[in-house]
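One letter stands for each residue in the lines below.
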Amino acid sequence: MPPSRVPVFDGHNDTLLKLELGEGTARARSFFDRARRDHIDLPRAREGGFAGGLFAMFVPSQADFDLNSRYDPNDPAHFAPVEQPRALAMTLRMAARARRIERASDGAVAICRSVSEIRAAMARDALALVLHIEGAEAIDPDFTALEVLHAAGLRSLGPVWSRDNIFGHGVPMAFPSGPDLGPGLTDAGKALVRACNGLKILVDLSHITEKGFWDVAATTEAPLVASHSNAHALCASARNLTDRQLDAIAESGGLVGLNFHTAFLREDGRDRSDTPLETMVRHLDHLLARLGEDGVALGSDFDGCLVPRAIGDVAGLPHLIEAMRAAGYGEALIEKIAWRNWLSVLERTWS
Ligand code: ZN
């Protein structure tokens, strides 16, 4: 008898951006229709046991960002600063899109503002959507937008993407390289962390420089969380976390979500869809050794990265669960990685 389906609560996807950029183009799609491209829609989410996750609102540097191309680490245009009014306008469009999806879903999608709302959504097989900002360009230094977006459901925020803004410095996607590639948080960035603590918004450490990481660690009152990053010891991308960073996350009772992007998984740092699932399990092994069973989760980066062909899209999540079983992970540990640890850290951050 096949083991029962394990639900997945995931730390990161770019589906709202994919839907937003596709609007009015040949790549337009509805969240409710099964597509053959991209990674997440409702039918495939159900098939894969995807119970929900953090849905990023990310604003690309280029207003005319080409959906068919991925970020070129060597093209500075992909990492240029973004003006606050454009970032806020696009963030509002993505938040409104999430709200329209929820309203049109007839209960099948729920924007969740608390862990009890996530649990309730999971209990009735609705998809639990948590609004997240990746790179806080939309936020003004007086936090007017932060207050209003929080009221609209925002519960998680990364101060920087891999570029600079008024709050701090993002880590370039360099390989091979350590993450210590620039300054950390500005004074405005430290104030943003304190404002997020006050509003009970999770502060996400993925995409920040190493200095910025330590600045957040010294400022925040919440557990340290990197929603979609991997182990630098196994893949020397500047986007990944050193053992020292992992130890600090463990000490804070925090968590790391495994990123499925092959260039952040592979020892050679290349984008290759034939990357085996065993490579992902090796990262999980390393993260478990540093963080313990309560500190490891998933942060797929679906709709924002190149995932291993063995997973393909959100419908392929059971293959990763199966790879964990094949590696000898017990069902209790698999449940922690798949969803329980995310709910636990969100509960401790939000309450
Ligand atoms: Zn990202």
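Predicted model only: the values in this text are computed from it and were never measured.

Focus: the overall build of the protein chain
- From N to C terminus, the protein chain includes 11 helices and nine strands.
- What you see for the protein chain is a C-alpha radius of gyration of 18 Å, in line with the 20 Å of a compact globule of 351 residues.
- Taken along the three principal axes of its C-alpha coordinates, the protein chain extends 55 × 45 × 40 Å.
- Counting all 351 residues of the protein chain, 60% fall into the buried class.

Focus: the coordination of the zinc ion
- Protein coordination of the zinc ion is provided by Glu134 (OE), His207 (NE2) and His228 (NE2), with donor distances spanning 2.1 to 2.2 Å.
- The sequence pattern formed by the donor residues of the zinc ion is E-x72-H-x20-H. In this pair, Glu134 is assigned in strand S4 (residues 127–134) and His207 in the loop between strand S6 (202–203) and helix H7 (210–219), connecting sequence segments 73 residues apart.
- Using a relative accessible area of 5% as the deciding quantity, one classes His207 as buried.

Considerations on the nonpolar core
- Residues Phe9, Ile118, Ile139, Leu146, Leu157, Phe260 and Trp342 are the most contacted members of the largest nonpolar core, which totals 114 residues.
- Counting residues per element, this core draws most heavily on helix H11 (residues 331–350), at 10 residues.

Observations concerning the sheet that holds strand S7 (residues 225–226)
- Ordered by their spatial adjacency, three strands build an open sheet running S7-S8-S9, and the pairing between neighbours is parallel. Single-partner strands in this sheet number two, and they are S7 and strand S9 (296–298).
- By the bridge criterion, two bridges tie S7 to strand S8 (residues 255–258) in an arrangement that is parallel. Across the sheet, Ala226 pairs through a bridge with Val256, a residue of S8.
- Strands S7, S8 and S9 of the sheet are contacted by H11, whose axis makes an angle of about 105° with S9.

Things to note about the side chain of Arg29
- Position of Arg29 relative to the elements: it lies in the loop between helix H1 (15–22) and helix H2 (42–48).
- Within the structure, the side chain of Arg29 is placed 2.8 Å from the backbone oxygen of Ile40, a separation counted as a polar contact.
- Only 3.3 Å separates the side chain of Arg29 from the side chain of Asp303, close enough to count as a polar contact.

A word on the packing of helix H4 (residues 115–123) against H11
- In the contact formed by H4 and H11, the axes pass within 9 Å of each other and the chain directions differ by 150°. Taken together, the axes of H4 and H11 lie roughly antiparallel to each other. Only Trp339, Leu343, Leu346, Glu347 and Trp350 of H11 make contact with H4, whose side of the interface consists of Val115, Ile118, Arg119 and Met122.
- Classifying every residue of the contact of H4 with H11 gives seven nonpolar, no polar and two charged.

Digging into unusual backbone geometry
- Along the chain, Phe175 connects to Pro176 via a cis peptide bond; the corresponding omega equals -10°.
- Tracing the backbone through its elements, the reader meets Pro176 in the loop between strand S5 (154–158) and helix H6 (187–199).
- With a phi close to 60°, Asp106 is a non-glycine residue in the positive phi region.
- Along the chain, the position of Asp106 falls in the loop between helix H3 (84–104) and strand S3 (109–111).
- Look at Lys200: it is not a glycine, yet its phi comes out positive at around 60°.
- Checked against the element boundaries, Lys200 lands in the loop between H6 and S6.

Details of the pairing of S5
- Counting buried positions over the five residues of S5 gives five, a clear majority of the element.
- Here four bridges tie S4 to S5, and the two strands are oriented parallel to one another. Across the sheet, residue Glu134 finds its bridge partner in S5, namely Gly158.
- Read from S4 through helix H5 (residues 144–151) to S5, the crossover connection turns out right-handed.
- Relative to S6, S5 is paired through two bridges, and the arrangement is parallel. Following the sheet pairing, Leu157 is matched in S6 by Val203.
- One crossover worth recording links S5 to the parallel S6 by way of H6, and it is right-handed.

Some words on the pattern of salt bridges
- In the structure shown here, the tally under the stated rule is 23 salt bridges.
- A salt bridge links Asp41 to Arg44, with the shortest nitrogen-to-oxygen separation between them at 2.8 Å.
- The class for Asp41 is buried, based on a relative accessible area of 0%.
- Relative accessible area serves as the criterion here: at 1%, Arg44 is assigned to the buried category.
- Residue Lys336 is joined to Asp294 by a salt bridge in which the shortest nitrogen-to-oxygen separation is 2.6 Å. Of this pair, Lys336 sits in helix H11 while Asp294 sits in the loop between helix H9 (277–291) and S9; the two residues are 42 residues apart in sequence, bridging distant segments of the chain.
- Accessibility expressed as a relative area gives 47% for Asp294, which makes it partly exposed.

Analysis parameters
- Residues numbered from 1 in each chain as written.
- Predicted model: local features only at pLDDT ≥ 70, side-chain atom pairs only at ≥ 80, totals over all residues.
- Heavy atoms only, no water.
- Helix = DSSP H or I, 4+ residues; strand = E, 2+ residues; numbered from the N terminus.
- Rg over C-alpha atoms; globule rule 2.2 N^0.38 Å.
- Buried < 20%, exposed > 50% of the residue type's maximum accessible area, 1.4 Å probe, protein only.
- Donors = N, O, S within 2.8 Å, 3.2 Å for Na, K, Ca; no water.
- Core = buried A, V, L, I, M, F, W, Y, C linked by side-chain atoms within 4.5 Å.
- Pairing = 2+ DSSP bridges.
- Contact = heavy atoms within 4.5 Å.
- Axes fitted to C-alpha atoms, helices over the stretch in contact; angles between N-to-C directions.
- Polar contact = N/O pair within 3.5 Å; in protein donor to acceptor, adjacent residues only side chain to side chain.
- Parallel < 35°, antiparallel > 145°, perpendicular 65-115°, else oblique.
- Nonpolar A, V, L, I, M, F, W, Y, C, P; charged D, E, K, R; others polar.
- Right-handed = clockwise from strand over helix to strand, strands pointing away.
- Salt bridge = Lys/Arg side-chain N within 4 Å of Asp/Glu carboxyl O.

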